[in-house]
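Understanding the architecture of this molecule
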Amino acid sequence: MREPISEELRTKCGESVIDLAISNVKAGGLPFAAIIVDQNGETIGKGVNQVARLLDCTAHAEIQAIREASRNEESSTLKGATLFASGEPCGLCYMAMRMAEIRKVIIVSDRYEAEKHGFDYLWTYKYFNVSLFREFDIRTLDNDRKLVPFQLAKELI
């Protein structure tokens, strides 16, 4: 059995997902980014929200990261992987993670923090079976920079 992700790797991935979200905002996108690491701690997928750019309502950061990781792993199953998200995944993204068998999720900012900064997707949970949350190991990463992508996006809107 693999060791759980180390605190050092959690911190590194948390910083990376924040930087990725900031880059996306500076490029005109939203403050949502995701990174997926395998059981060995290797990055296998990254994604940013590209809904507006691609005119694709499913091009959320988490789904883009799942798509890239699946291509890189040549598998639709990412069992044992951990997804890091700059903002808590919406209902759609939690379902996509379930389909990909990703059970470990580390969020930098939760849905309520995102909502306070003008990114309200709380309604997506209305259609989500909340009992599915029990299938995930969801952790929140403490980081002083966690709101920077949201603050920057709010300034630029």
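Refer to the structure above for everything that follows.
Residues numbered from 1 in each chain as written. Predicted model: local features only at pLDDT ≥ 70, side-chain atom pairs only at ≥ 80, totals over all residues. Heavy atoms only, no water.

This paragraph deals with helix 4 (residues 91–99). Within the span of helix 4, buried status applies to Gly91, Cys93, Tyr94, Ala96 and Met97. Looking at the buried positions of helix 4, the neighbouring elements they touch are helix 3 (61–73), strand 3 (82–87), strand 4 (104–109) and strand 5 (137–140). Of the residues one or two after helix 4, glutamate 101 is the one with positive phi, at around 65 degrees. (Buried < 20%, exposed > 50% of the residue type's maximum accessible area, 1.4 Å probe, protein only. Helix = DSSP H or I, 4+ residues; strand = E, 2+ residues; numbered from the N terminus. Contact = heavy atoms within 4.5 Å.)

A separate point is the nonpolar core. Ile36, Ile66, Leu78, Leu83, Met97 and Ile102 are the most contacted members of the largest nonpolar core, which totals 49 residues. Mapped by element, the contributors of at least two residues to this core are helix 1 (7–26), strand 1 (33–37), strand 2 (43–48), helix 3, strand 3, helix 4, strand 4 and helix 6 (148–156). Examining the composition of this core, we find that 7 residues originate from one element, helix 1, more than from any other. Here methionine 97 is in contact with Ile66, Leu83, Pro89, Ile102, Arg103, Val105 and Phe136, once residues within four sequence places are set aside. (Core = buried A, V, L, I, M, F, W, Y, C linked by side-chain atoms within 4.5 Å.)

So, on to the pattern of salt bridges. As enumerated under the stated definition, the model contains 9 salt bridges in all. Note that glutamate 15 is salt-bridged to arginine 145, the shortest N-O span being 2.2 Å. Placement of the pair is glutamate 15 in helix 1 and arginine 145 in the loop between strand 5 and helix 6, with a sequence separation of 130 residues. With relative accessibility at 27%, the residue glutamate 15 sits in the partly exposed group. The salt bridge involving arginine 67 is made with aspartate 56; its shortest N-O contact spans 3.8 Å. One end of the pair, arginine 67, is in helix 3; the other, aspartate 56, is in the loop between helix 2 (51–54) and helix 3, with 11 residues separating them in the sequence. Its relative accessible area of 33% is what places arginine 67 among the partly exposed residues. Shared partners join several salt bridges into a network, and the residues in it are Glu15, Asp19 and Arg145. (Salt bridge = Lys/Arg side-chain N within 4 Å of Asp/Glu carboxyl O.)

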